[in-house]
Amino acid sequence: KAGVTQTPRYLIKTRGQQVTLSCSPISGHRSVSWYQQTPGQGLQFLFEYFSETQRNKGNFPGRFSGRQFSNSRSEMNVSTLELGDSALYLCASSLQPGRLQFFGPGTRLTVL
Amino acid sequence: KQEVTQIPAALSVPEGENLVLNCSFTDSAIYNLQWFRQDPGKGLTSLLLIQSSQREQTSGRLNASLDKSSGRSTLYIAASQPGDSATYLCAVDEGAQKLVFGQGTRLTINP
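Residues numbered from 1 in each chain as written. Chains lettered and ligands numbered in written order. Predicted model: local features only at pLDDT ≥ 70, side-chain atom pairs only at ≥ 80, totals over all residues. Heavy atoms only, no water.

Trainee: Before we move on, could you go through the interface of chain A and chain B and cite the residues and values that matter?
Mentor: Between chain A and chain B, the residue contacts involve 26 residues of the former and 21 residues of the latter. Both faces considered, chain A and chain B share a buried interface measuring about 1700 Å² in area, 51% of it formed by carbon and sulfur atoms. Listed by contribution, the elements that provide at least two residues to the side of chain A that touches chain B are β4 (31-38), β5 (42-50), β6 (53-57), β9 (87-94) and β10 (102-103) of chain A. Looking at the side of chain A that touches chain B residue by residue, the class counts come to ten nonpolar, twelve polar and four charged. (Contact = heavy atoms within 4.5 Å. Buried area = accessible area lost by both parts, 1.4 Å probe. Helix = DSSP H or I, 4+ residues; strand = E, 2+ residues; numbered from the N terminus. Nonpolar A, V, L, I, M, F, W, Y, C, P; charged D, E, K, R; others polar.)

If you want it as structure tokens, here you go:
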């Protein structure tokens, strides 16, 4: 069974631009969560989707948004990029809420 | 607000030793607790998940315990190997798949 895949793996953007990251969960998994990892703040929860509905959201500004499609694939979007958005963005999927979460390799975003 | 703390921040031991990593959390209202490892520049690898009603879980040389009432979990690694070198993260699930992570323990196993 293929693992969680994230595209692209690396991304370089400039301040003010917007970016869309993609996550394909493990086949059959319906819950997808997104996390931001930075050296200073560590891993922080962004949001979680289950059956195309956002069920939980972390403490991030409205510039961070996401969605989930009917095939459980998810995208997250960051608008008006800031230097502080430079981070490793990780996606995780699980069969259902409360079960083990499996993480993808991440997308490393650099904002110049 | 849930806070997760991991001690120590870094640990270096010779190969073959048994070791314990510690994790504490401030709010005992959790659904489960998970342990992960992260290799440099990589994503997270799930190691163990302990449901809130369980006391421990074992997988190979790894054993994780959970004491919800005292807000503590430990990860025991037996007979450590150089391949165990990584950062180990614990995370509590507050519900709706929201994981709150500790800052991790960077483990180095010296051959």
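Trainee: Which residues make up the sheet that holds strand β8 (residues 74-78) of chain A, and what values go with them?
Mentor: All names here are of chain A. Strands sit in the order β1-β3-β8-β7 across an open sheet of four strands; the sheet is antiparallel. Each of the sheet's edge strands pairs with one partner strand only, and the pair in question is β1 (5-7) and β7 (64-68). The average angle at which neighbouring strand axes cross in this sheet is 20 degrees, direction not considered. (Pairing = 2+ DSSP bridges. Axes fitted to C-alpha atoms, helices over the stretch in contact; angles between N-to-C directions.)

Trainee: Quick rundown of the pattern of salt bridges? Include the residues and the values.
Mentor: All names here are of chain A. Counted according to the given criterion, the structure contains eight salt bridges over all chains. With its nearest N and O atoms 2.9 Å apart, the salt bridge here joins Arg55 to Glu48. Owing to a relative accessible area of 35%, Arg55 belongs among the partly exposed residues under this scheme. Via salt bridges that share partners, Arg63, Glu82 and Asp85 belong to a single interconnected network. (Salt bridge = Lys/Arg side-chain N within 4 Å of Asp/Glu carboxyl O. Buried < 20%, exposed > 50% of the residue type's maximum accessible area, 1.4 Å probe, protein only.)

Trainee: Give me the lowdown on the side chain of Ser22 of chain A, citing residues and values where you can.
Mentor: Residue and element names in this part refer to chain A. Looking at where Ser22 falls in the secondary structure, it is placed in strand β3 (residues 19-24). On the basis of relative accessible area, Ser22 is assigned to the buried category, the value being 13%. A polar side-chain atom of Ser22 sits 2.9 Å from a polar atom in the side chain of Arg73. (Polar contact = N/O pair within 3.5 Å; in protein donor to acceptor, adjacent residues only side chain to side chain.)

Trainee: Any chance you could break down the nonpolar core for me, citing the residues and the numbers?
Mentor: Leu33, Trp35, Leu75 and Tyr88 of chain B are the most contacted members of the largest nonpolar core, which has 24 residues in total. Judged by nonpolar contacts, the second largest core, of 21 residues, contains Ile26, Trp34, Ala87 and Tyr89 of chain A. (Core = buried A, V, L, I, M, F, W, Y, C linked by side-chain atoms within 4.5 Å.)

Trainee: Run through the side chain of Ser31 of chain A, naming residues and quoting values.
Mentor: Residue and element names in this part refer to chain A. Structurally, the position occupied by Ser31 is in strand β4. Residue Ser31 is classed as buried on the basis of its relative accessible area, which comes to 1%. Within the structure, Ser31 has its side chain in polar contact with the side chain of Glu48 (distance 2.6 Å).

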